[in-house]
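# Observations on the three-dimensional arrangement
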Amino acid sequence: ESELEPVVADVRRSVAMKAEEVAELRAQTLTENAAVLSAAAAALRAGLHRGGKLLALGNGGSATDAMDAVADFRAAGHAAIDLTADPSILTAIANDIGVEAIFSRQVIAHGRAGDTLLTLSTSGSSANVLAALVEARRRGLTTIALVGYDGGRIAAESLADFVIITRSEHIPRIQEAQASAYHTLVELVCGSARGSRASSRASASGPTSTRSRPSSASRASCSTTRSACSSRSRATRSSPSCRGLPP
């Protein structure tokens, strides 16, 4: 036990240090980019309300962030497509044309004027992300880029309409801070709509005092049904056959 105590103490210090580092980086990302996030959310909200959709992409860990952002917007009732989701499309383009085109070709297929492209890149200079942004701008899409380091080529060459920079060179920390940034974007775009739908549902159900109290067996059945529906919903969102399609 005495031999483990120094190890546990070292792990504790490491966790605390990382937590502090992440907290500071999240604060920097959200504070320094507050105006850009607000403007990006307004543009994205306007596009969605006019019938547009969201396209999202990234490489590696950023691909999972794109998937998460798309799931959140779909859950809020908006059309959204994860351009990293379909391995048959990605591998076909990579094999026949090249990895640099895996996203830009999908922008050509799915993107329309009035849509929005959300890109996530820790370096801000990934060739396939740059190509997608160039193609999106050519086609009249609004472009939002979450980037790390000093913003890379995306920031230096103004390749996106809205650039949110997380100023770090540590990739895991960049991605953790970017998660806070895109979840803030989701809340800015969808928060009021979620509240409105909840109010509408509450109004439609009527005053709770006029409803009879369900039996314990009925309550257990409802709880089981909700759990099953929630599980099916998560499974559907994660299914490769569904993730790449608009809802």
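Before going into details, it helps to say that this report is about the structure given with it. The structure displayed is predicted, hence computed values, not measured ones. (Residues numbered from 1 in each chain as written. Predicted model: local features only at pLDDT ≥ 70, side-chain atom pairs only at ≥ 80, totals over all residues. Heavy atoms only, no water.)

Now for the overall build of the protein chain. Helices and strands together make up the secondary structure of the protein chain, namely ten helices and five strands. For the protein chain, contacts bridging at least 24 residues in sequence account for 70% of all contacts bridging at least 6. Here the protein chain has roughly 13,000 Å² of accessible surface; of this, 55% comes from carbon and sulfur atoms. (Helix = DSSP H or I, 4+ residues; strand = E, 2+ residues; numbered from the N terminus. Contact = heavy atoms within 4.5 Å. Areas by Shrake-Rupley, 256 points an atom, 1.4 Å probe, with all protein chains shown as cover.)

Next up on the list: the pairing of strand E5 (residues 162-165). Going residue by residue along E5, you find Phe 162 and Ile 164 tucked away on one face and Val 163 and Ile 165 tucked away on the opposite face as well. Pairing geometry for strand E4 (residues 142-147) and E5, over four bridges, is parallel. Among the inter-strand pairings, Leu 146 is bridged to a residue of E5, identified as Ile 164. (Buried < 20%, exposed > 50% of the residue type's maximum accessible area, 1.4 Å probe, protein only. Pairing = 2+ DSSP bridges.)

With that out of the way, let us pick up a nonpolar patch on the surface. Taken together, the side chains of Val 7, Val 11 and Val 15 present a nonpolar region at the surface, about 250 Å² in accessible area. For Val 7, a relative accessible area of 46% translates into the label partly exposed. (Patch = residues over 30% accessible without salt bridge, like charges linked within 9 Å, V, L, I, M, F, W, Y side chains within 5 Å. Salt bridge = Lys/Arg side-chain N within 4 Å of Asp/Glu carboxyl O.)

What follows concerns the side chain of Gln 28. Of note, Gln 28 is situated in helix H1 (residues 4-32). When its relative accessible area of 18% is taken as the criterion, Gln 28 is described as buried. One polar contact links the side chain of Gln 28 to the main-chain carbonyl oxygen of Ile 165, over a distance of 3.3 Å. Setting aside anything within four residues of it in sequence, one finds Gln 28 in contact with Asn 33, Ile 165, Thr 166 and Arg 167. (Polar contact = N/O pair within 3.5 Å; in protein donor to acceptor, adjacent residues only side chain to side chain.)

On to the side chain of Thr 116, then. Examined against the element boundaries, Thr 116 turns out to sit in strand E3 (residues 116-121). Dropping the residues within four chain positions of it, Thr 116 is found in contact with Leu 44, Lys 53, Leu 54, Leu 55, Leu 141, Thr 142 and Ile 144.

Attention shifts here to unusual backbone geometry. It is generally the case that most residues other than glycine have a negative phi and that most peptide bonds are trans. The phi dihedral of Tyr 149 falls on the positive side, at around 50 degrees, and the residue is not glycine. The residue Tyr 149 is located in the loop between E4 and helix H7 (152-156) in this model. A residue is classified by how much of its surface remains accessible, and Tyr 149, at 30% relative accessible area, is partly exposed. Non-glycine residue Ser 158 carries a positive phi angle of around 50 degrees.

Another point: the pairing of E4. With six of six residues buried, E4 lies mostly within the body of the structure. By the alternation rule, side chains of E4 split into Thr 142, Ile 144 and Leu 146 and Thr 143, Ala 145 and Val 147, which are all buried. Note that E3 and E4 share six bridges and pair parallel. By the bridge assignment for E4, Thr 119 is matched with Ala 145. On the question of chirality, the crossover connecting E3 to the parallel E4 by way of helix H6 (residues 127-138) is right-handed. (Right-handed = clockwise from strand over helix to strand, strands pointing away.)

To continue, consider the nonpolar core. Grouped together as the largest cluster of nonpolar side chains are 26 residues, with contacts concentrated most on Leu 44, Phe 73, Leu 118, Ile 144, Leu 146, Leu 185 and Val 189. Examining the composition of this core, we find that seven residues originate from one element, helix H8 (residues 171-205), more than from any other. One finds Ile 93, Ala 145, Val 147 and Ala 160 within the second-largest nonpolar core, a separate group that totals 24 residues. (Core = buried A, V, L, I, M, F, W, Y, C linked by side-chain atoms within 4.5 Å.)

In this structure the tally under the stated criterion is nine salt bridges. Between Asp 115 and Lys 53 there is a salt bridge, and its shortest N-O distance comes to 2.7 Å. Of this pair, Asp 115 sits in the loop between helix H5 (104-110) and E3 while Lys 53 is found in the loop between helix H2 (34-49) and strand E1 (54-58), placing the two residues 62 residues apart along the sequence. Each member of the pair, Asp 115 together with Lys 53, is buried.

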